Amino acid sequence: MIQLKYYPNQLEFKHPFKIALNARTSTSVVFVELKAASFSGYGEASLPPYLKENQASVEQYCKKAAVLLENYEGEINLNELLNVLWNCMPENYAAKAALDMAAHDLVGKISGRNIREIYGIRGHTNFPTFFTIGITDNEKELHQKLDEAKEYSLLKLKLGSTNDRMLVSNVRSYTDKPIAVDVNQGWKTKEEALDMIQWLQTKNVLFVEQPMNKKMLDEHGWLKEKSPLPIIADESLQTFDDLDVVANCFDGINIKLMKCGGIREAFKIITKARNLKLKILIGCMSETSCANSAAAVLAGLADWVDLDGPLLIKEDFFWGLNFSRGKIYLNDEPGLGVERQKLL
């Protein structure tokens, strides 16, 4: 028998977080714990407003999964356990991601193996990560955020407002660090997007993420052909089934566990995306070190890593990732290498 517990909570941001779609001061989460014998595996569902899911839907999924897990007998097999959880309900990808993480963590701890070892990802233990800066027209607030990012060599700047050029120019007056820009569907036309990208090319920008609405695939394909910078899909790519649809419209993809349903699904996406010659960005929602540690398992397979979730929130509920000198340092502890800091 495997026991499932779940704990709704809120993650409070250090600063109000504004993107093209919305602004908020917190994000709802549900932490999960799978217990077998003396071992506990942890996972996390982060639920920003643009996802279909919420705490109530995650709890509904967990209640159904708990019944299936109580009847799980015999030695725990990772793929078998993941199949049970995946088939529990359709969709519910953030909930599935949380249980997927916890299953990996539990099996890794029982077997004494780190998840990177299970997936054969060797030799990758530290990575530079982007530090994300939300939309702001307050220069004092911007400089405060840039001061907090001082150790980090890569910045991600949220765009998609009427003040995009001013924001980029203000950042450039402060630092010449490489920037990735994330528009979160904020630009309305392909012509507007191309004009902005041609200007951004002169500002030491690495790539542009999700310039237009996720449904504007033809427009993104047109933009990809003309853009001097790589175009990366985020909202346009949710799950494995979306890969064939976006492959011809973008240069790369942003993989997030909450969108696709967990580590196993993300690994499948990466494997196929490489065959399609797509660039890989491993990203996150507003998350603690629990979910970010799960995503970091796959960081050694990516071109870029954007796992700064724990840096942007007031309280991290887990020990796991170590952030130092602008990089993420992974540990070799069994499972995901995470333990909770406090009672959930």
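Residues numbered from 1 in each chain as written. Predicted model: local features only at pLDDT ≥ 70, side-chain atom pairs only at ≥ 80, totals over all residues. Heavy atoms only, no water.

Draft legend 1. Layout of the overall build of the protein chain. Helix and strand counts for the protein chain come out as 13 helices and 16 strands. For a compact globule of 344 residues, the expected C-alpha radius of gyration is about 20 Å, and the protein chain comes in at 20 Å, within 12% of that figure. Counting only residues that meet the buried cut, the protein chain has 58% of its 344 residues in that class. A separation threshold of at least 6 residues defines the contact pool for the protein chain, and within that pool the share at least 24 residues apart is 69%. When the accessible surface of the protein chain is summed, it comes to about 14,200 Å², and 47% of that surface belongs to carbon and sulfur atoms. Separation of charge centres in the protein chain, based on 41 positive and 45 negative side chains, amounts to 2 Å. (Helix = DSSP H or I, 4+ residues; strand = E, 2+ residues; numbered from the N terminus. Rg over C-alpha atoms; globule rule 2.2 N^0.38 Å. Buried < 20%, exposed > 50% of the residue type's maximum accessible area, 1.4 Å probe, protein only. Contact = heavy atoms within 4.5 Å. Areas by Shrake-Rupley, 256 points an atom, 1.4 Å probe, with all protein chains shown as cover. Lys, Arg positive; Asp, Glu negative; His and termini not counted. Charge placed at Lys NZ, Arg CZ, Asp CG, Glu CD.)

Draft legend 2. Representation of the state of the cysteines. In this structure the tally under the stated criterion is 0 disulfides. Distance from the sulfur of C260, which forms no disulfide, to the nearest cysteine sulfur (C284) is 13 Å. (Disulfide = S-S within 2.5 Å.)

Draft legend 3. Structural context of the environment of A37. Of note, A37 is situated in the loop between β2 (23–36) and β3 (39–47). In this structure the C-alpha to C-alpha distance between A37 and I2, which are 35 residues apart in sequence, comes to 8.4 Å.

Draft legend 4. Looking closely at the packing of aromatic side chains. Applying the stated criterion across every chain yields a total of 9 aromatic pairs. Each ring, one from F130 and one from F207, has its centre 5.8 Å from the other, and the planes form 85°; the classification is edge-to-face. Here F130, found in strand β5 (residues 130–133), pairs with F207, found in strand β8 (residues 205–209); they are 77 residues apart in sequence, far enough to count as distant. Judged on exposure class, the residue F130 and its partner F207 are both buried. Members of the aromatic cluster, each reached through a chain of ring pairs, are F31, Y42, F317 and F318. The lysine or arginine in question, K96, covers the ring of W86, its NZ or CZ lying 4.3 Å from the ring centre. Taking NZ or CZ as reference, K268 lies 4.8 Å from the ring centre of F240, over its face. (Phe/Tyr/Trp six-rings, centres within 6.5 Å; stacked < 30°, edge-to-face > 60°. Lys NZ or Arg CZ within 6 Å of the ring centre and 35° of its normal.)

Draft legend 5. How the structure looks around unusual backbone geometry. One non-glycine residue, E91, lies in positive phi territory at about 55°. By the element assignment, E91 lies in the loop between α2 (78–86) and α3 (93–111).

Draft legend 6. Looking closely at the pairing of strand β11 (residues 279–282). The pairing of strand β10 (residues 252–255) with β11 spans 4 bridges and is parallel. Within β11, the residue paired with I253 across the bridge is I280. Direction of pairing for β11 relative to strand β12 (residues 304–305): parallel, over a ladder of 2 bridges. Bridge assignment links L281 to a residue of β12, and that residue is W304. (Pairing = 2+ DSSP bridges.)

Draft legend 7. Fine view of the packing of helix α1 (residues 55–70) against α2. Contact pair α1 / α2: the axes reach a minimum separation of 10 Å and the direction vectors enclose 135°. Between α1 and α2, the angle falls in the class oblique. Handedness of the α1/α2 crossing: right-handed. Every residue of α2 that contacts α1 at Y61, A65, L68 and L69 is listed here: L81, V84, L85 and W86. Across the contact of α1 with α2, the residue classes break down as 8 nonpolar, no polar and no charged. (Axes fitted to C-alpha atoms, helices over the stretch in contact; angles between N-to-C directions. Parallel < 35°, antiparallel > 145°, perpendicular 65-115°, else oblique. Left-handed = near helix turned anticlockwise from the far one by under 90°. Nonpolar A, V, L, I, M, F, W, Y, C, P; charged D, E, K, R; others polar.)

Draft legend 8. Layout of the pattern of salt bridges. All told, the structure shown has 15 salt bridges when counted by the stated rule. With a shortest N-O distance of 3.7 Å, R340 and E33 are connected by a salt bridge. With R340 in strand β16 (residues 339–340) and E33 in strand β2, the pair connects residues that are 307 residues apart, well separated along the chain. (Salt bridge = Lys/Arg side-chain N within 4 Å of Asp/Glu carboxyl O.)

Draft legend 9. Representation of the sheet that holds strand β1 (residues 3–18) within the structure. Read across the sheet, 3 strands follow the order β1-β2-β3 without closing on themselves; strand pairing throughout is antiparallel. Here the strands that pair on one side only, and so sit at the sheet edges, are β1 and β3. On average, each strand axis in the sheet is inclined to that of its neighbour by 25°, with strand direction left out of account. Where β2 meets β3, 9 bridges bridge the pair, whose relative direction is antiparallel. Bridge assignment links S28 to a residue of β3, and that residue is L47. In this fold α3 packs onto β1, β2 and β3, with an angle of close to 160° to the strand it touches most, β3.

Draft legend 10. Representation of the environment of L99 in the model. Summarising the element assignment, L99 is placed in helix α3. You can call L99 buried: its relative accessible area is 0%. For the pair L99 and W86, spaced 13 residues apart in sequence, the C-alpha separation works out to 9.0 Å. Ignoring any residue separated from it by four or fewer positions in sequence, one finds L99 in contact with L4, V32, L34, Y61, C62 and L85.

Draft legend 11. Spatial organisation of helix α7 (residues 190–200). For α7, every residue scored as buried is listed here: A193, L194, M196, I197, W199 and L200. Packing partners of the buried residues in α7 comprise α6 (164–174), β7 (179–182), β8, α8 (217–226) and β9 (231–233).

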